[in-house]
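# Coordinates in review
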Amino acid sequence: MTRHPPPSSLALMLLLACPGKEEPPGTTDSGEITGPTIDVFEDINPDPNIFEANLTARETTLILGGEPIKMLSYGGGIPGPEIRVAQGDKVIIHLKNELPEGFPTTLHWHGIEGSNAMDGTPVTQTPIAVGDSFTYEFIAPRPGVFWYHPHIRGGQTTFSGLYAPLIVEDPDEGKLVEMGILPADRQTLVLSDVSTYEGEVISVEIDNAMEIMNGTEGELLMVNGQLNPTLEVGQGDGVRLQLLNSSITRFYRLKVPGHKLIRIGGEGGLLDKARHEGGSVRATIKNLDGDLIGERTVSLRHDKGEIVLGPAERADVVLIPKGDIGETIQLRWEDYARGRHGMWMEGEEMVMGDAEDDGTRPGIQIATFEVVAGTGSDYRLSAGDPILEAVGRSVGQIDTSGTTVDFTGEAQSTKLQGAMPMWKEGDTWLMDTEMTIDGVEWHPEKTGPTQPEAPSAKHASVGDVLVWEVHNTTSMAHPWHLHGFSYQPLEFIRHDGEHEEHKRKDVDAAVDTGSPWIDEETTTHWTLDYDEFEDTTLIPPHTSLIYRVKLEDVNGDGGAAGRWLKHCHIFQHGEDGMMSELIVSP
Ligand SMILES: [Cu+2]
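What counts, and where the lines are drawn
Each chain has its residues counted from 1, running along the sequence as written. Reporting of local features is limited, given that this is a predicted model, to residues whose pLDDT is at least 70; pairs of side-chain atoms are given and counted only at 80 or more, and all residues count toward the totals for whole chains, interfaces and linings. The side-chain values count all of the structure's non-hydrogen atoms but skip hydrogen atoms and water molecules. Scored from 0 to 100, pLDDT records how confident the predictor is in each individual residue. Contact between two residues is taken to exist if any of their heavy atoms lie within 4.5 Å; hydrogens are not considered. Labels follow the DSSP assignment, with helices taken as runs of H or I lasting at least four residues and strands as runs of E lasting at least two, numbered in each case from the N terminus. Burial classes follow relative accessibility: with a 1.4 Å probe on protein chains only, a residue under 20% of its type's maximum area counts as buried, one over 50% as exposed, and anything between as partly exposed. Coordinating donors are taken as N, O and S atoms within 2.8 Å of the metal, stretched to 3.2 Å for Na, K and Ca; because water is absent from the atoms, sites can appear incomplete. Pairing between two strands is assigned when DSSP locates at least 2 bridges connecting them. For every element, the axis is a line fit to its C-alpha atoms; helices are fit only across the contacting stretch, and the angle between N-to-C directions ranges from 0 to 180 degrees. Definition of nonpolar core: a set of buried residues of the types Ala, Val, Leu, Ile, Met, Phe, Trp, Tyr and Cys, connected through side-chain atoms within 4.5 Å.

### Description of the confidence of the model for the chain
- Taken over all residues, the pLDDT of the chain has a mean of 90, while the share at 70 or more is 90%.
- The model gives residues 1-23 a pLDDT under 50, and that stretch makes 44 contacts with residues more than four places away or in other chains.
- Considering only residues more than four positions removed or in separate chains, one finds that residues 501-519, a stretch of pLDDT under 50, has 47 contacts.

### Quick notes on the environment of Glu349
- Structurally, Glu349 can be placed in strand E24 (residues 349-354).
- Take Glu349: its relative accessible area is 46%, and that puts it in the partly exposed class.
- As a C-alpha pair, Glu349 and Met422 span 73 residues in sequence and 9.9 Å in three-dimensional space.
- Residues within four places of Glu349 in sequence aside, it is in contact with Trp344 and Trp429.

### Digging into the coordination of the copper ion
- At this site the copper ion is bound by His478 (ND1), Cys568 (SG) and His573 (ND1), with donor distances of 2.0 to 2.1 Å.
- Between consecutive donors of the copper ion, the numbers of intervening residues give the motif H-x89-C-x4-H. In this pair, His478 is assigned in strand E33 (residues 478-482) and Cys568 in strand E38 (residues 562-568), connecting sequence segments 90 residues apart. Like His478, the residue Cys568 is buried in the burial classification.

### Quick notes on the sheet that holds strand E8 (residues 164-169)
- One open sheet accounts for 4 strands, arranged E3-E8-E7-E5; its pairing is mixed. Unpaired on one side and paired on the other, strand E3 (83-86) and strand E5 (108-110) mark the two borders of the sheet. Pairs of neighbouring strands in the sheet enclose a mean axial angle of 25°, with direction left out of account.
- Here 5 bridges tie strand E7 (residues 144-149) to E8, and the two strands are oriented antiparallel to one another.

### Some thoughts on the nonpolar core
- Counting 34 residues, the largest nonpolar core has Leu466, Trp468, Trp480, Phe485 and Tyr547 as its most contacted members.
- Of all elements in the fold, only strand E26 (404-407), strand E30 (434-437), strand E32 (465-472), E33, strand E36 (536-539), strand E37 (543-550), E38 and strand E39 (579-585) reach the threshold of two or more residues within this core.
- Non-local contacts of Trp468, meaning those with residues more than four positions away in its chain, are made with Phe407, Thr408, Thr414, Lys458, Leu482, Leu545, Ile546, Tyr547, Val549, Lys566 and Leu582.

See the structure below:
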């Protein structure tokens, strides 16, 4: 089958960011280009349980591969400054918006629970105009790796550099390091990407159906704002890597050749036990009446010991470097079969399906670990070893007392839907993108907090326990994000029969035991065999995620009530309409 590039009449235009005033970066006497000025970011509050700081959103110049790029930043640095606090601390950030005209902004504290008025979205506040300031104040109730970014023009501004980690430490971390369970060395790795044209970040706010459908992936892959940085790791010591994918679209299948990454925690803090991700899972097959009719193996589309991070996902992992002093170890981006689409002609008809290279694009080395002299420790950790259990604790399961609300099944589930209608006018093929939740596009940015509620909003009350099914009816993976509450994933259900109409490589057929799953009127079920809290989860194509969430007022101040967004975190999908809200009554 021949695949043709889309016809040029489809207006595949990149609308480049308007060139503004040029601010050439500085140069040293030797002619070397020097980087930007980075603002001081320090705790100005003497109370040890309060972190308070000033933060300015403004333009900056990042030197990437020796070339200056005009970007947006928090305080001049890419990524922005890390906020690191203890569980239960109060965070106060005085944000000044010094972005260029056309960039009103908000700060969304991704994953933070219980402070609706501080959620930083267009349904909780009027965006901060250029030149204005706003003070955010909230409690960090749960340990974990979180982050912050704007929630208005979020795709463009995040692509342009507005992202930074927010890490909430578990009270037992120090003890776990002393016990030798966690490594003493700890590094935060912020993974992001960008594409530029003539020194400026390209526009991702483009009217191009295929680009919206696939999302924009930047050509330059950065770790902590650098191309392939070298990070030192001690021989014999483990290193704890706190990972954040702040890319607007790019999925990372992280691989360290010759090593297995061991996951110890992530979005909801530390896990009971260390674990390897990836490989395959055993699943049960049910017919449409719900009767068990068999078992099969389902590939997770990445190898054991790799970590997959969709946009906005985070992980806390341990790497135990092998090798002698002076040797280097690669951290690699590998492609993940996420259902990136392509188009081609079949006879007279334009058709769409998985891109031919979906999941098979060549990998890229994104960082280098250099083995240096260690501290003399002989650090060891294996999958299955206790983490929280080593201090007599466990993640536990959500308290199910209270009213249970059932958001599962055909009538009550939330459905992620995507369509790309194509039609021919004369000799020209035209197309449009419709990314929706429950069939409706919703754009909360347009009118701010007075925006009428989303047509597909769900309603519940503080204290309710929701069992919630989010059904991805599309043929690409979407990272689902719920604001304000962390949930516990329970089960994935693949709707096998839904694949009939989609043209794809049957990537799972090779590893499924039994017949390929296309055309089968069955569902395939697999459950999580460990407890965890998350706020962003990749939902594979034609699959439902079932999770349980308690709408707890964690800070006891009524802050759980309000309008909370829920959306796909591929920014262009959310902004095209794959966004809705959960409205929580007091
Ligand atoms: Cu999406």
